Amino acid sequence: MIRFSSLLPISFLIICTPATADEMKIQFTFGPPRPCTTVFPNPEIKMKSVPPGTRTIVVKFRREKNYEMGGQEIPFPSDNIVKPESLRTWGPCNSGLYTYEVIAKSSTGAALAKAEWSEPYPP
């Protein structure tokens, strides 16, 4: 009986540990620098391992120290690519590190996954 009870915690962990799923990832690269403008068209944003059931995505743009620069909720693109110049946010005018964050949402609005990627601007 002692042997069986000592195996219970280990077998419980094996049974209750979820299978490792690929984490959602995004990536973008800024194009050539543009003059400072109030409205900035986004670069192409590529997404990988977007969860099944994703209906919309929320795309947020920010610079260092969590300075929010805008965002939009859009229908999930079936090719996993947010097309260049399809979103509008405030433009990067200062040199620094800028981040796009994407939140995948279900048809009920529940957040399914989140990913972010940062790049320096100007490139």
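Residues numbered from 1 in each chain as written. Predicted model: local features only at pLDDT ≥ 70, side-chain atom pairs only at ≥ 80, totals over all residues. Heavy atoms only, no water.

## Here we look at the nonpolar core
- Of all hydrophobic cores here, the largest spans 22 residues; its most connected members are Phe 30, Ile 45, Tyr 100 and Val 102.
- Put simply, the parts of the chain that give this core at least two residues each are strand 1 (25-28), strand 3 (45-48), strand 4 (56-63), strand 5 (67-75), strand 8 (96-105) and strand 9 (111-121).
- Considering every element that reaches this core, the biggest residue donor is strand 8, with four residues.
- Those residues in contact with Ile 45 that sit more than four places away from it in its chain are Ile 26, Gln 27, Phe 28, Val 59, Asn 80, Ile 81, Val 82, Tyr 100 and Val 102. (Core = buried A, V, L, I, M, F, W, Y, C linked by side-chain atoms within 4.5 Å. Buried < 20%, exposed > 50% of the residue type's maximum accessible area, 1.4 Å probe, protein only. Helix = DSSP H or I, 4+ residues; strand = E, 2+ residues; numbered from the N terminus. Contact = heavy atoms within 4.5 Å.)

## Examining the packing of aromatic side chains
- According to the stated counting rule, one finds 11 aromatic pairs in the structure shown.
- Consider the rings of Phe 40 and Phe 61, whose centres lie 6.1 Å apart with planes at 10°: the pair is stacked. Placement of the pair is Phe 40 in strand 2 (residues 39-41) and Phe 61 in strand 4, with a sequence separation of 21 residues. A single burial state applies to Phe 40 and to Phe 61, both of which are buried.
- Ring centres of Phe 61 and Tyr 98 lie 5.6 Å apart, and the angle between their planes is 20°; on these two criteria the pair is classed as stacked. With Phe 61 in strand 4 and Tyr 98 in strand 8, the pair connects residues that are 37 residues apart, well separated along the chain. (Phe/Tyr/Trp six-rings, centres within 6.5 Å; stacked < 30°, edge-to-face > 60°.)

## A few points about the sheet that holds strand 4
- Here we have four strands laid out as an open sheet, ordered 5-4-8-9, and antiparallel in their pairing. Looking along the sheet, the strands with just one partner apiece sit at the ends: strand 5 and strand 9. Here the strands of the sheet are splayed against their neighbours by 15° on average, with no regard to which way each runs.
- Sheet topology note: the strand 4/strand 8 ladder contains eight bridges and is antiparallel. Directly across from Val 58, in strand 8, lies its bridge partner Ile 103. (Pairing = 2+ DSSP bridges. Axes fitted to C-alpha atoms, helices over the stretch in contact; angles between N-to-C directions.)

## A look at the sheet that holds strand 1
- Read from one edge to the other, the open sheet built from three strands follows the order 1-3-6, with strand pairing classed as antiparallel. In this open sheet, the two edge strands, each paired with only one partner strand, are strand 1 and strand 6 (81-82).
- In the sheet, strand 1 pairs with strand 3 via four bridges, with the strands oriented antiparallel. Note on strand 3: the bridge partner recorded for Lys 25 is Lys 48.

## Quick word on unusual backbone geometry
- The omega torsion across Tyr 121 and Pro 122 is -5°, close enough to zero to call that bond cis.
- Phi angles above zero are rare outside glycine, and Ser 49 is one such case at about 55°.
- Structurally, Ser 49 is set in the loop between strand 3 and strand 4.
- Despite not being glycine, Asn 80 has its phi angle at roughly 65°, a positive value.
- Examined against the element boundaries, Asn 80 turns out to sit in the loop between strand 5 and strand 6.
- Residue classification places Asn 80 among the partly exposed positions, given a relative accessible area of 24%.

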